[in-house]
Amino acid sequence: MTSEDPTRAYAGFKGRVGRIHSTSTPAWPDRPTAPDGAPNILVMLCDDLGYADLGCYGSEIDTPHLDRLADEGLRYTNFHVNPMCSPTRASLLTGLNPHLAGVATVCHSDPGFPGYSAAIRDDAVTMAEALRDSGWATLMVGKWHLCPDNSLSEAGPRTAWPCQRGFDRYYGFLDGFTNFHQPHRLYEDNHVVHVDDYPDDYYFTDDLTDQALSMVREVRSGHPTKPWLLYFAHGAVHAPLQARKADMAKYRGRYDAGWDQVRDQRFARQVQMGVVPADTVLPPRNSEPNYEARPWDELSTNEQATFARYQEVYAGMVDNIDQNFGRLRAELEAIGEWGNTVVVFTSDNGASREGRADGTTAYFRTLIGETRPNPLDSTEVDHERLDLIGGPQTLAHYPQGWAMASGTPFRLYKINTHQGGHQVPLIVSRGSGLPDGGSFRCQYQHVTDVLPTVLELAGVDLPEERHGRPVPPPAGTSFAPSLEDSAKPSTHPEQYYEQWGHRGMYRDGWSAVTCHQRRTRFSEDTWELYHLDVDPTETRDLAAEEPDRLGELQEAWEEAAWANQVFPLDEGANLVHLVRPPWEEDLEAAQTFYPGTPTVERYRASKLINFRSFEVRVVLDHRDGHQGMLVAHGDQGGGYALYVEAGRLFHVHNGYGTMTEVDCGPMADGTSEVALAVEAAGDLVWNTVVRVDGAAVAETRGLAVLMAMAPFEGIDVGIDRRSPVSWSVYERHGPFPYTGTLHSVTYLPGELAPDAGPLWVEALRETAVRYE
């Protein structure tokens, strides 16, 4: 071969290929192609947006662009989702009831039951998969929250990430929420976006709109007519409540009158607009144990000032959603895409009560109260931070009194199975509008109906198989007929609800519902009965008058629960969060991280410190003049760090916004090791000792333990990226990379705290209340 003329050999090869082609019929594989004129699909999902938060549903918040969409399209006034975010997202994408889809609750638990797998079941087909396989480009931006938190790191597995569930492109966060000024961890497609610092004017909702438009432009640059699906899943208005300064300032003073007055005013507008029937009764203020909304007039002056500020920020966030929707629409119109776009706009659950009775400037601090008594919450501390609320230094959330106003005119909130937990806005339109634009639709519909409706409008059938296995049939049915005809009946005659032990059953205009108190027997729950067709706000309990009907609905709930793998119920012992797969034990072993390591993912990092004592050892070759961060773990919501500045070593602890900075003394030339030993003493307390080359140089007792998802940013080696542990250090130095030679940072997990939840799993199992 070496002596053969390569040109002649190549010519002969070309000749043989040519003869083959000349006598053969080309056979290309089929390429999915959408039907001619197939529409683009824009599904926009807000997070924790209440029924009454848009102008077109009665709000005083300025939402002109969404109001215009409602005027051109249809407002569904009896639309329901699941009363928690992840379950709604699973149902939206698959058409399945949430437990049957594998997503019973938020994806921060993995207790080993099929309904609680924290990921969409493998044999289900998502909206993105069905449309992609039929010729659509499939794009997503925003919040995913459909994979276990033990699968969020670069080590994966990525099987439950968006691009593995049908999306060609993705940009956003996989977790349950993020910081709007300095997002903790962004992903693009199948990789993490590495960011040291964000511009001062960065805002996450604006970023999502930029990314969405870029994706659409890319699709159109590659093909002149290929339709696209854009699933735009907002992080707003989930906590932390953070907004642009101008958007907050616009609402300054607008909420000084309080939630009781705002609720009354929203209700009056709803009646006037026809959002609710004229004879609707506004229920009394929420008063159920653990869900009470305090009378505004009984609050102190400081409480009123702080609580009003929370709502100013929230209103600014809603306003910003509308601004970005307007910007998205204007650009789609400019490039000729809007006219053939079906738009579905809704929310994932009712308004959030996670701020509890008093709200908070420290979201993680307040989340502790979900599972145990919490002495750390303080309205005095929150008021002292009044001027920081809404900015990057606080992770705020409003009190549940504002959630009550957000859900006007309904009772209770997100997680509850009363109407306020799951009745939300739904706007449907197409291009410049629908023939009956501006009208209302009062048919009862459920989020499981969205997938069948979208597929019908797209002219696509749901596949019957996935990976050779039958696809579970959707629980929902298309409501497309009602888009053309207001007289068409509901296509969803019955629906079960369950979240955190709260239960509900809807059938043909009647609802049976419970408000479960944590760690009580289910047999002790009081079932209420309402005829929603005449009492949509659940003000007249008919349980005593209609015992037979109540019994039928209770039995129907039981049958639906068994059919949809709802059991076991979570009665409130917290076992659902404490029981973890055995392979997570690998994440609790000692580990060394080296310079250049990207930020260690939040959940993976937490396994080294959560509920336990631990030690951090920094090996370095320190010389005079070197300074910067040695190790940082956390952000403005809570964290700790070791750093060197002006020749001195410092240990800083951010206890949910309460700062403790310890001067550990001069950092000698030639120092080779700095260690931080943390004792988890129990009762929400950490005690710490800092050692330099083996000698103790500082001791601090009584620091607030970090838990309930804090630290929310993972471990940084030799730098403090994005939202900092210490804002004052950040103001002086930014991310403050260490200028010397840092060899490694080793984490040594120690003994569990005496009151650590994992130590009590068996005891909790023995004492847990059974389903009765």
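Above this text you will find the structure in question.
The present account deals with the structure reproduced in this document.

Quick notes on the rules
Residues numbered from 1 in each chain as written. Predicted model: local features only at pLDDT ≥ 70, side-chain atom pairs only at ≥ 80, totals over all residues. Heavy atoms only, no water. Helix = DSSP H or I, 4+ residues; strand = E, 2+ residues; numbered from the N terminus. Buried < 20%, exposed > 50% of the residue type's maximum accessible area, 1.4 Å probe, protein only. Contact = heavy atoms within 4.5 Å. Areas by Shrake-Rupley, 256 points an atom, 1.4 Å probe, with all protein chains shown as cover. 1 Å grid on protein atoms, 1.4 Å probe; cavity = no way out; pocket = protein on both sides within 12 Å on 5 of 7 lines; lining within 4 Å. Points joined across faces, edges and corners; volume = space filled by probe spheres on them. Disulfide = S-S within 2.5 Å. Polar contact = N/O pair within 3.5 Å; in protein donor to acceptor, adjacent residues only side chain to side chain. Nonpolar A, V, L, I, M, F, W, Y, C, P; charged D, E, K, R; others polar. Pairing = 2+ DSSP bridges. Axes fitted to C-alpha atoms, helices over the stretch in contact; angles between N-to-C directions.

### So, the overall build of the protein
Line of reasoning, step 1. Counting its secondary structure elements, the protein contains 20 helices and 28 strands.
Line of reasoning, step 2. With the principal axes as the frame, the protein shows a C-alpha extent of 95 × 80 × 55 Å.
Line of reasoning, step 3. A burial count over the protein gives 62% of its 772 residues as buried.
Line of reasoning, step 4. Excluding contacts between residues fewer than 6 apart, the proportion of contacts in the protein whose partners are at least 24 apart in sequence is 74%.
Line of reasoning, step 5. Only carbon and sulfur atoms are counted for the fraction: they give 51% of the accessible area of the protein, which is about 28,500 Å².

### A few points about empty space enclosed by the protein
Line of reasoning, step 1. Per the counting criterion, the structure on display carries four cavities of 30 Å³ or more.
Line of reasoning, step 2. Reported here for the largest cavity is a volume of approximately 110 Å³.
Line of reasoning, step 3. Taken together, the elements giving at least two residues each to the lining of the largest cavity come down to strand E24 (673-682) and strand E25 (685-692).
Line of reasoning, step 4. Here the lining of the largest cavity gets three residues from one element, more than from any other, and that element is E24.

### What about the state of the cysteines?
Line of reasoning, step 1. This model, assessed by the stated rule, comprises zero disulfides.
Line of reasoning, step 2. Just so you know, Cys107 is unpaired, no disulfide at all, and the nearest cysteine sulfur is the one on Cys147, 7.0 Å from it.
Line of reasoning, step 3. Cys163 takes part in no disulfide bond, and the closest cysteine sulfur to it belongs to Cys147, at a distance of 12 Å.

### Details of helix H14 (residues 450-458)
For an α-helix the count is 3.6 residues per turn, leaving residues at separations of three or four pointing the same way.
Line of reasoning, step 1. When you tally the buried positions in H14, you get seven out of nine residues, the bulk of the element.
Line of reasoning, step 2. For H14, the full list of buried residues reads Val450, Leu451, Pro452, Thr453, Val454, Leu455 and Ala458.
Line of reasoning, step 3. Each element contacted by the buried residues of H14 is listed here: strand E1 (40-46), strand E2 (74-80), helix H3 (85-94), helix H5 (127-132) and strand E11 (445-446).

### Concerning the side chain of Ser352
Line of reasoning, step 1. On the secondary structure map, Ser352 appears in the loop between strand E8 (341-347) and helix H10 (363-367).
Line of reasoning, step 2. The class for Ser352 is buried, based on a relative accessible area of 1%.
Line of reasoning, step 3. At 3.0 Å, the side chain of Ser352 and the side chain of His397 are in polar contact.

### A short note on the layout of surface pockets
Line of reasoning, step 1. Space inside the second largest pocket adds up to approximately 590 Å³.
Line of reasoning, step 2. His181, Ala243, Lys245, Gly391 and Pro392 are the residues nearest the centre of the second largest pocket, which is lined by 24 residues in total.
Line of reasoning, step 3. Looking at the lining of the second largest pocket, its residues break down into 12 nonpolar, four polar and eight charged.

### Some points on the sheet that holds strand E21 (residues 638-645)
Backbone hydrogen bonds hold the strands of a sheet together, and the pairing may be parallel or antiparallel.
Line of reasoning, step 1. Ordered by their spatial adjacency, five strands build an open sheet running E23-E22-E21-E20-E27, and the pairing between neighbours is antiparallel. Whereas interior strands pair on both sides, the edge strands pair on one side only; in this sheet they are strand E23 (658-666) and strand E27 (715-717). The average angle at which neighbouring strand axes cross in this sheet is 10°, direction not considered.
Line of reasoning, step 2. The pairing of strand E20 (residues 628-635) with E21 spans seven bridges and is antiparallel. Within the sheet, the bridge partner assigned to His633 lies in E21 and is Tyr640.

### Examining the environment of Ala308
Line of reasoning, step 1. Summarising the element assignment, Ala308 is placed in helix H9 (residues 301-334).
Line of reasoning, step 2. The class of Ala308 is buried, set by a relative accessible area of 2%.
Line of reasoning, step 3. Expressed as a C-alpha distance, the spacing of Ala308 and Arg252, which sit 56 residues apart in the sequence, is 8.7 Å.

### Topic: the pairing of E21
Line of reasoning, step 1. Judged by how many residues are buried, E21 sits mostly within the fold: eight of eight residues are covered.
Line of reasoning, step 2. Burial along E21 is two-sided: Gly638, Tyr640, Leu642 and Val644 facing one way and Gly639, Ala641, Tyr643 and Glu645 facing the other are all buried.
Line of reasoning, step 3. Linking E20 back to E21 in an antiparallel pair, the connection comprises two residues.
Line of reasoning, step 4. Pairing geometry for E21 and strand E22 (residues 648-655), over seven bridges, is antiparallel. Opposite Val644, over in E22, you have Leu649 as the bridge partner.
Line of reasoning, step 5. In textbook terms, the turn of a hairpin is the stretch between consecutive antiparallel strands, and for E21 and E22 this stretch comprises two residues, one of which, Ala646, has a positive phi near 50°.

### Overview of the environment of Lys250
Line of reasoning, step 1. Structurally, the position occupied by Lys250 is in the loop between helix H7 (245-249) and helix H8 (259-273).
Line of reasoning, step 2. Sequence separation between Lys250 and Ala315 is 65 residues, and the spatial gap between their C-alpha atoms is 9.0 Å.
Line of reasoning, step 3. Setting aside its immediate chain neighbours within four residues, Lys250 contacts Asp62 and Asp319.

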